[in-house]
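# Commentary on secondary and tertiary structure
So the chains spell out like this:
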Amino acid sequence: MVRYVYDFQDGGRELAGLLGGKGANLGEMTRLGLPVPPGFIVSTEACRVFLATGGEPDGLSAEVSRHLSALETGAGRLLGQGDDPLLVSVRSGARYSMPGMMETVLDIGLNDDSVLGLAKASGNERFAWDSYRRLVRMYGSTVSGVDPALFDEAMALLKDARGAPDDLRLDASDLAWLVETYKTLIRNETGRDFRQSPSQQLRQAILAVFRSWNAERAVLYRRRERIPDDLGTAVTVQRMVFGNLGPDSGSGVAFTRDPATGRPGLYGDYLPNAQGEDVVSGGRDALPLAVLERLDPRSYRRLRDHARTLERHYRDLCDIEFTIERGTLWLLQTRVGKRTAEAAFTLATALEREGLISSDEALARVSGDGLARLMFPRFDTTATGGTLTRGVPASPGAAVGAAVFDSAEAVRRAAADEGVVLVREETTPEDLPGMVAAQAVLTGRGGKTSHAAVVARGMGRVCVCGARDITVDAEARRFTTRDGTVVEEGTVISVDGSTGDVYLGPVPLAASATMRYLESGERTGSVVAAVAQVLDHADSVRRLEVRANADTPEDAARARRFGARGVGLCRTEHMFLGERRKLVEEMILARTDTDRDRALGALLPLQRRDFTGILEAMDGLPVTIRLLDPPLHEFLPDRTDLAVRIAAAEATGRPPDAHQVELLAAVNRMHEENPMLGLRGVRLGLVVPGLVAMQVRAIAEAVVERTRAGGSPYAEIMVPLVGAVEELRLAREEVVGVLGEVAEETGTPVHCPVGTMIELPRAALTAGRIAEQAEFFSFGTNDLTQTTWGFSRDDVEAAFFPAYLDKGVFTASPFETLDREGVGRLVRIAVEEGRAARPELETGVCGEHGGDPESIRFFHEVGVDYVSCSPFRVPVARLEAGRAALADTCTSDSR
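Given the structure is predicted, the values throughout are model-derived calculations rather than measurements. (Residues numbered from 1 in each chain as written. Predicted model: local features only at pLDDT ≥ 70, side-chain atom pairs only at ≥ 80, totals over all residues. Heavy atoms only, no water.)

## A look at the packing of aromatic side chains
- Counted according to the given criterion, the structure contains 23 aromatic pairs.
- Between tyrosine 270 and phenylalanine 322 the ring centres are 6.1 Å apart and the planes differ by 0°, which places this aromatic pair in the stacked class. Taken together, the residues tyrosine 270 in strand β7 (residues 264-272) and phenylalanine 322 in strand β9 (residues 318-325) connect sequence positions 52 residues apart. An identical accessibility class is assigned to tyrosine 270 and phenylalanine 322; each is buried. (Phe/Tyr/Trp six-rings, centres within 6.5 Å; stacked < 30°, edge-to-face > 60°. Helix = DSSP H or I, 4+ residues; strand = E, 2+ residues; numbered from the N terminus. Buried < 20%, exposed > 50% of the residue type's maximum accessible area, 1.4 Å probe, protein only.)

Below you can see the structure in the form of structure tokens.
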């Protein structure tokens, strides 16, 4: 018989897939002897069965009843019965943390009778009714599906009537009235009464948590974080302990180190006389955890000791939820805490210094995406006026955008490519779409452990919480500062998540400390030191070389400073733009061989100068130069524009410009329905006399010039868009012939390997034949993705990719992260068959995927020699190449 339910003492972190992260960690804490309220876990397997069948798994109800009976026996109380009723919480707990995305129901077991028993047992009538109103609200919204705004409206009306700034000022009779109001709302909205049966409350709450796995916000969060949809969530059922019993009770969230900076010390928030949801919701302004040391020194010391135990046990930053019930500390859950990029690097190297983790583990704890965030510019505060407001710096970075006041507006504006800042009094899980769309989040309430802070840190969003001197009026779509400044929706504001400062209007940007280090080697500050240490280790363990896509000497020099070991793609077509376009026009319009040779001759010294500069910047390192790739009509004026000019001249009776007429004739002659699959790449070189020879001569003469200057140039010549070995053979013959001519003319040996770009499925599938003529392969994964999927990138990304992502056709755009199953399989085939034909064949990647962390891991796996990316992605690629090598080692060890 399948087992679905496990007691805490049966769990452990090795069972996270079965018991969820929360349940597994509760089991781990129980094993460690920490003060954890007892309970049990309904497994993810039960959830998967429920989601697949729509019904409760066979035997689950009986299992839950048995474990509940054991819980009742241990507590000496019955669920929702007697003068001292047992109450439980029901919480979601997926394998991977999804903060606030699924459901929680507290105080299960309360009803019209047991609330009186709870009041009697506690000696606190207000506490009993406060707990009951919490249950009815949570149950009503989570299980019965009532709009939570209706409950919030009822609470707001009551507080206004009583003149109460918060719910703590409401007395027992107020809360009893609120319970009845909530129950009436449920009856009116659903046609059913609030359930009085404790066992049915428990059963329905468990099923509601299962259903919440497929809630819109949970699906969106998983898609963004690339969490598989088929994992399901576990459910933890835990004996309630109460932080809302009075001033000697409270709830809080603690981090074993600062999750924003990685600095050591106990950080977090605490609310006296509150349950845990009050802290994370941001509905009340929490107190810094240091206040607890003054209010309850004994509990603070115990919390600090337990935090140390957990950090050393997990060897990582831990996030701890706790409750103090009348002076007794209880730990409700722990998990490895979400952190900012700054904290990730600082913490990883600190734990390494402390001997808790190895240098390999430190590298595995950071990510290329995090490094990229540290490279982003910061605000140049020397160029700003005063701050508009200041709050808690919850997630660092600098963001500028129009203030918006609800999630839907953030999504709408972001879809129109407008930067936005989502401003809320406090965020809820329903705000997730807006948080994803926004550049930054600003809230009037909450701290570093609030929902806004935790979710923003996990997503890498800039966030400032708890800006107490602003009043957010979401209905009027504006906020007002204490000094009377009104910020209407659409007003541009700047948010600094590193300092907590918010400015009116756009603030200029300046290079971050990390970027200054990469540019100049300037190591200032602990974060930069951590980045340097981790990058150095990544370089020492990676197998993949990292090169850069660079078309100018300046780009090549920057890439080398950033750690690139060569140029993997130099696009020669970029050298034909600007003032040189006229020379290309002359070549295209040439009526005779002499005219064409004259135009090519004028281009030759310009190309040679470009190549000389790049080879000098990368002296001693390989520079892969791609021969002209795009169709020639791209260097001519727009067809429609030319036709309009000519027609306009004719309409006024003036003769049209003869040159424009000649250009239009050339454009019409070269017009193709699908130019990206037309006369371009190697095809262009084979049918336009002299073009390949001019480019190869410029390369060869640049090599000679650098050699004579005492340099060590190493140029590689890449023939693009080859689909058949015969194309490459013909092109190679011309290339080799020109190289020989230059060597003979100058008396200087010129050795330039000749290879090809694999960007067509046919090339990948016939790689063994093509390798007979190619000394290297470079995978142009942008075009290979287009031609494999049958996509025109310029059209499809806006036309239907958003729908494909929503429907789960993609988990990520195949132009951002390589499609392993299709395009990846072609890459694997080409590498294997190419090396079978030519064992010394060098292989690289020069598409945008060369800078994508997940794609880099794949390229490492298939044995590619190097990846090439934009200069600014080079540090990211270096880091991820090192992490890929570690992952490969771990996989090999496990085998």
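## A few points about the nonpolar core
- In terms of nonpolar packing, the biggest core is built from 130 residues, with Phe345, Phe777 and Leu879 touching the most fellow members.
- No other element matches helix α27 (residues 691-708), which puts 10 residues into this core.
- Aside from chain neighbours lying at most four places away, what touches leucine 879 is Phe345, Leu363, Val366, Ser367, Gly368, Leu371, Val534, Leu535 and Ala538.
- Judged by nonpolar contacts, the second largest core, of 60 residues, contains Val64, Leu68, Phe127 and Leu245. (Core = buried A, V, L, I, M, F, W, Y, C linked by side-chain atoms within 4.5 Å. Contact = heavy atoms within 4.5 Å.)

## Description of the sheet that holds strand β15 (residues 420-424)
- Pairing within the open sheet is mixed, and its 8 strands lie in the order β12-β22-β21-β14-β15-β16-β17-β13. Two strands bound the open sheet, and with one partner strand each, they are β12 (389-390) and β13 (392-395).
- The pairing of strand β14 (residues 398-404) with β15 spans 3 bridges and is parallel. Residue valine 404 lies in a different strand from β15, and its bridge partner there is leucine 422.
- Packed on one face of the sheet, helix α18 (residues 451-459) meets β13, β16 (440-443) and β17 (462-465) and runs near 165° to β17. (Pairing = 2+ DSSP bridges. Axes fitted to C-alpha atoms, helices over the stretch in contact; angles between N-to-C directions.)

## Considerations on the pairing of strand β27 (residues 714-719)
- Taken across its 6 residues, β27 has 5 buried, putting it largely inside the fold.
- Two elements, β27 and strand β28 (residues 754-758), share 3 bridges in a ladder whose sense is parallel. Pairing of valine 719 across the sheet is with threonine 756, part of β28.

## Structural notes on the side chain of serine 778
- Tracing the chain through its elements places serine 778 in strand β29 (residues 776-779).
- Contact partners of serine 778, with chain neighbours within four places excluded, come to Gly568, Met718, Thr756, Met757, Ile758, Gly844, Val845, Cys846 and Tyr866.

## Examining the packing of helix α21 (residues 553-561) against helix α23 (residues 593-617)
- With their axes 8 Å apart at the nearest point, α21 and α23 run at an angle of 10° to one another. By the angle between their axes, α21 is roughly parallel relative to α23. Across the interface between the two elements, Pro553, Ala556, Ala557 and Arg560 of α21 pack against Asp610, Gly613, Ile614 and Ala617 of α23. (Parallel < 35°, antiparallel > 145°, perpendicular 65-115°, else oblique.)

## Some points on the pairing of strand β21 (residues 492-496)
- Counting buried positions along β21 yields 4 of 5 residues, so the element is predominantly enclosed.
- Relative to β21, β14 runs antiparallel, the two sharing 5 bridges. Along β21, the bridge assignment pairs alanine 399 with valine 495.
- One ladder, built from 3 bridges, connects β21 with strand β22 (residues 501-504); its direction is antiparallel. Note on β22: the bridge partner recorded for valine 495 is valine 502.
- Two successive antiparallel strands, β21 and β22, enclose a turn made up of 4 residues, where glycine 500 displays a positive phi of approximately 90°.

## Focus: a nonpolar patch on the surface
- Taken together, the side chains of Leu679, Leu686, Val687 and Leu730 present a nonpolar region at the surface, about 310 Å² in accessible area.
- Considering the arrangement of structural elements, one finds leucine 730 in helix α28 (residues 725-746).
- According to the relative accessible area criterion, leucine 730 is partly exposed, its value standing at 37%. (Patch = residues over 30% accessible without salt bridge, like charges linked within 9 Å, V, L, I, M, F, W, Y side chains within 5 Å. Areas by Shrake-Rupley, 256 points an atom, 1.4 Å probe, with all protein chains shown as cover. Salt bridge = Lys/Arg side-chain N within 4 Å of Asp/Glu carboxyl O.)

## Notes on unusual backbone geometry
- In this model, aspartate 107 sits at a positive phi of 65°, which is unusual for a non-glycine residue.
- Turning to its location among the elements, aspartate 107 is positioned in strand β4 (residues 104-108).
- We classify aspartate 107 as buried; its relative accessible area is 0%.

## Observations concerning the sheet that holds strand β18 (residues 470-473)
- Spatially, the 3 strands line up as an open sheet ordered β18-β19-β20, and their pairing is antiparallel. At either margin of the open sheet sits one strand with a lone partner, and together these are β18 and β20 (486-488). For this sheet the average axis-to-axis angle between neighbouring strands, irrespective of direction, equals 15°.

## Here's the deal with the environment of arginine 169
- By the secondary structure assignment, arginine 169 is in the loop between α6 (148-162) and α7 (172-190).
- A C-alpha to C-alpha distance of 8.3 Å links arginine 169 and lysine 159, two positions 10 residues apart in sequence.

## So, the pattern of salt bridges
- Following the criterion strictly, the structure yields 71 salt bridges and no others.
- With a shortest N-O distance of 3.4 Å, aspartate 536 and arginine 523 are connected by a salt bridge. Here aspartate 536, found in helix α20 (residues 526-541), pairs with arginine 523, found in the loop between α19 (513-520) and α20; they are 13 residues apart in sequence, far enough to count as distant.
- Note on aspartate 536: relative accessible area 39%, which makes it partly exposed.

## Points about the environment of serine 114
- Position of serine 114 among the secondary structure elements: in helix α4 (residues 114-122).
- Given the relative accessible area of 3%, serine 114 is considered buried.
- On a C-alpha basis, the gap between serine 114 and serine 395 in space is 43 Å, while along the polypeptide they are 281 residues apart.
- Apart from the residues within four sequence positions on either side, serine 114 is in contact with Gly80, Pro85 and Gly109.

## Topic: α19
- For α19, the full list of buried residues reads Thr514, Met515, Tyr517 and Leu518. Burial along α19 is one-sided: seen end-on, the buried residues are contained in an arc of 155°.
- Taken from the residues just after α19, glycine 521 is the one with a positive phi, measuring 85°. (Arc of directions from axis to C-beta.)

## Comments concerning the packing of α4 against helix α5 (residues 125-142)
- Taken N-terminus to C-terminus, the directions of α4 and α5 make an angle of 145°; their axes are 7 Å apart at the nearest point. Remark: the crossing between α4 and α5 carries right-handed chirality. Taking contact as the criterion, the partners of Val115, Leu116, Leu118, Ala119 and Ser122 in α4 are, on α5, Glu125, Phe127, Ala128, Trp129, Ser131 and Tyr132. (Left-handed = near helix turned anticlockwise from the far one by under 90°.)

## What to know about the state of the cysteines
- Within the structure shown, the criterion is met by 0 disulfides.
- You can see cysteine 570 has no disulfide; the closest cysteine sulfur is in cysteine 846, sitting 11 Å from it.
- Cysteine 570 gets classed as buried once you look at its relative accessible area, which sits at 0%.
- Left without a disulfide partner, cysteine 752 is nearest to the cysteine sulfur of cysteine 570, which lies 13 Å away.
- We classify cysteine 752 as buried; its relative accessible area is 4%. (Disulfide = S-S within 2.5 Å.)

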